[in-house]
Amino acid sequence: MNKYILISLLLIAVSLKVLSQDIYYTKSGLVEFTSKTPLENIEAVNNQVVSFLKTESGSINFGILIKSFKFKNALMEEHFNENYIESDEFPKAKFKGTITNIKDIDFNKDGDYTAEIKGKISIHGVTKEIEAKAEISIKDYKVIANSTIMLKPEDFDIEIPGIVREKIAKEMTVKMSINYELYKK
Amino acid sequence: MKTIFLLIFVLITNIIYAQDIDDLLDGEFDNSNNYVSATFKSTRIINANSIELVKKQHLNFTISHRFGSINNGISDFFGIDRSTIRLNLEYGLKDWFTVGIDRSSFSQTYDGYFKFRLLRQSTGKWAIPVSITYFTSFEVFTRKFTEAERDNYLSSRLSYVHQLLIARKFNNKLSLQLTPSLVHRNLVPTALDMNDLYAVGLGGRYKITNRFAITAEYFYTIRSPRSSEAYNNPIAIGVDIETGGHVFQLMLTNTSLMYEGGFITGNNNDNFFKGGIHFGFNISRTFSFTKIK
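Residues numbered from 1 in each chain as written. Chains lettered and ligands numbered in written order. Predicted model: local features only at pLDDT ≥ 70, side-chain atom pairs only at ≥ 80, totals over all residues. Heavy atoms only, no water.

### Regarding the pattern of salt bridges
(1) Moving on: Applying the stated rule across the entire model yields 15 salt bridges over all chains.
(2) Moving on: A salt bridge links A:Lys67 to A:Asp88, with the nearest nitrogen and oxygen atoms 3.0 Å apart. Taken as a pair, A:Lys67 in the loop between strand E3 (59–65) and strand E4 (70–71) and A:Asp88 in the loop between helix H2 (74–84) and strand E5 (92–99) lie far apart in primary sequence, 21 residues in all.
(3) Moving on: We classify A:Lys67 as buried; its relative accessible area is 19%.
(4) Moving on: A:Asp88 gets classed as partly exposed once you look at its relative accessible area, which sits at 32%.
(5) Moving on: Between B:Asp26 and A:Lys94 there is a salt bridge, with the nearest N and O atoms lying 2.6 Å from each other. Of this pair, B:Asp26 sits in helix H2 (residues 21–30) while A:Lys94 sits in strand E5, which puts the two residues in different chains.
(6) Moving on: Using a relative accessible area of 22% as the deciding quantity, one classes A:Lys94 as partly exposed.
(7) Moving on: Each member of the salt-bridge network shares a partner with another, and the members are A:Lys67, A:Glu82, A:Asp88, B:Lys169 and B:Lys207. (Salt bridge = Lys/Arg side-chain N within 4 Å of Asp/Glu carboxyl O. Helix = DSSP H or I, 4+ residues; strand = E, 2+ residues; numbered from the N terminus. Buried < 20%, exposed > 50% of the residue type's maximum accessible area, 1.4 Å probe, protein only.)

### Examining the confidence of the model for chain B
(1) Moving on: Mean pLDDT over chain B works out to 89, with 93% of the residues at or above the 70 mark.
(2) Moving on: Predicted complex, confidence summary: ipTM 0.72, pTM 0.81. (pLDDT = per-residue confidence, 0-100.)

### Section: the environment of A:Pro38
All names here are of chain A.
(1) Moving on: As for its placement among the helices and strands, Pro38 is situated in the loop between strand E1 (23–36) and strand E2 (41–54).
(2) Moving on: On the basis of relative accessible area, Pro38 is assigned to the exposed category, the value being 89%.
(3) Moving on: In sequence terms Pro38 and Ile168 are 130 residues apart; their C-alpha atoms lie 9.6 Å from each other.

### Thoughts on a negative patch on the surface
Residue and element names in this part refer to chain A.
(1) Moving on: A surface patch of like charges, here negative, comprises Asp104, Glu116, Glu129 and Glu131.
(2) Moving on: Structurally, Glu116 can be placed in strand E6 (residues 111–123).
(3) Moving on: In this structure Glu116 comes out as partly exposed when scored by relative accessible area, which is 36%. (Patch = residues over 30% accessible without salt bridge, like charges linked within 9 Å, V, L, I, M, F, W, Y side chains within 5 Å. Areas by Shrake-Rupley, 256 points an atom, 1.4 Å probe, with all protein chains shown as cover. Lys, Arg positive; Asp, Glu negative; His and termini not counted. Charge placed at Lys NZ, Arg CZ, Asp CG, Glu CD.)

### Thoughts on H2(A)
Side chains of residues three or four places apart in an α-helix project in the same direction, reflecting 3.6 residues per turn.
All names here are of chain A.
(1) Moving on: Taking burial as the measure, the eleven residues of H2 include ten buried ones, the bulk of the element.
(2) Moving on: All of the buried residues along H2 are Ala74, Leu75, Glu77, Glu78, His79, Phe80, Asn81, Glu82, Asn83 and Tyr84.
(3) Moving on: At the N-terminal end of H2, a side-chain oxygen is found 2.8 Å from the backbone nitrogen of Leu75, two or three residues along, and the residue is Asn73.
(4) Moving on: Positive phi shows up at Glu86, right after H2, with a value of about 50°. (Polar contact = N/O pair within 3.5 Å; in protein donor to acceptor, adjacent residues only side chain to side chain.)

### Looking at the sheet that holds strand E14 (residues 278–288) of chain B
The pairing of strands in a sheet comes from backbone hydrogen bonds and takes either a parallel or an antiparallel form.
(1) Moving on: Taken in spatial order, the twelve strands line up as E2-E3-E4-E5-E7-E8-E9-E10-E11-E12-E13-E14 (chain B) and close into a barrel, and their pairing is antiparallel. Here the strands of the sheet are splayed against their neighbours by 20° on average, with no regard to which way each runs. (Pairing = 2+ DSSP bridges. Axes fitted to C-alpha atoms, helices over the stretch in contact; angles between N-to-C directions.)

### Topic: the nonpolar core
Residue and element names in this part refer to chain A.
(1) Moving on: By size, the foremost hydrophobic cluster in this structure holds 47 residues, and its most contacted members are Ile99 and Tyr180.
(2) Moving on: Ranked by the residues each element gives to this core, the list is headed by strand E7 (residues 126–139), at six residues.
(3) Moving on: Sequence-distant contacts of Tyr180, defined by excluding residues within four places in its chain, comprise Tyr24, Tyr25, Thr26, Ser51, Phe52, Leu53, Ile60, Phe62, Lys142, Val143 and Ala145. (Core = buried A, V, L, I, M, F, W, Y, C linked by side-chain atoms within 4.5 Å. Contact = heavy atoms within 4.5 Å.)

### Some points on a nonpolar patch on the surface
Residue and element names in this part refer to chain B.
(1) Moving on: On the surface, Ile70, Ile74, Phe77, Phe78, Ile80, Ile237, Leu250, Leu252 and Phe279 cluster together into a nonpolar patch covering about 760 Å² of accessible area.
(2) Moving on: Following the sequence through the fold, Phe279 ends up in strand E14.
(3) Moving on: Look at Phe279 and you get partly exposed, because its relative accessible area is 30%.

### Re the packing of aromatic side chains
Residues and elements named next belong to chain B.
(1) Moving on: Summed over the entire model, instances satisfying the criterion amount to 22 aromatic pairs over all chains.
(2) Moving on: With 6.0 Å between their ring centres and 10° between their planes, Phe67 and Phe279 make a pair best called stacked. Separated by 212 residues along the polypeptide, Phe67 in strand E2 (residues 58–69) and Phe279 in strand E14 bring together distant segments of the chain.
(3) Moving on: With relative accessibility at 10%, the residue Phe67 sits in the buried group. (Phe/Tyr/Trp six-rings, centres within 6.5 Å; stacked < 30°, edge-to-face > 60°.)

The structure is reproduced here in structure tokens:
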């Protein structure tokens, strides 16, 4: 009997060890995208980005509710949701990937690192492989990650009609700024 | 037996703790509530108001025209020679509260209105099937009274409208709205008219493409049988065309009035099915006064 209790406690301890393998997360990550053309600059900000980061395996993911993107002009926001990204049909954008050089990053030590990230991004029902670099700085078990990527609307089957073609950039600059904290259940 | 029990116990603890971060991510979105937006493209379906409000700190400017009935043919260029105009400004004090003012050329009528959002259609944790907006307006016509021998008071010029706008966006294409309405006129033109007129409106839009939609609208008025023969209920069919910053609404309707107390009461409506068709349009432009991005 004692043997069973011992074994189970040991197994639970192992499970807990697995848990404490450090998952970092945030629910208030910042993503903003900019479209710059000579005719018009369009900016949208979303500060409700959810992201998880598992330091042992280096797996990282993002979840973004499309409707949380805020524009200066509400009509533009409505058009973005209704006509371009069709958020009723595709409410979320997701990224699932890994930090390929995770071995180079010590999350228990303060410092600055460059992370190389590879994974799959899904927007508007289309999934694409992407690679990106992120600046990571670690301080007191808090992780700050910054990254900039370029995305083309046409890669994600987002149709832009001729009448506004000149007002919308061919490539969007997407900036991310995420402050991670240790994940506690 | 004990072994099994312990194994199950350990298994459960493992399931709880050793979860994948992708599951954690998906779990975050399960509880999110998703409000339905853009049930209609404009604050008007065609003649009547839709549940849509103007966003906070946004100003919406609409110019509307209705021309004369097309059945006079070429003599007045299918009604184009005779036009009525309405200028409208509406402003979003809050996302749920819009105020508006109008000036219509018909009877030189001014009107002011409030729109309050009471309920918002949503999916997710607290799913709500419909959006409900309350609309109330008062109208004052400022043309000279033609009946000089009668005692004419300022109050005789006033009308009041109350409407409950109940709409549902069934899918990305189809939205329908039911509009129970009450119009009160302090002074009515004839003995056949009712001071308090109840009506039920039905309106809808069907999107053909993301920027092009077909709209239709009808009000059923509740009157005595003798009275209903004398008036035509407002009916309209139209299209919504959206460009970057403008919404164009083109319509064929049996009324040249663009305020609720005018077209619902129907004193000047024509018979749509006997050639009393008026062409018209609304053009609206929204301006943003939001400071923060």
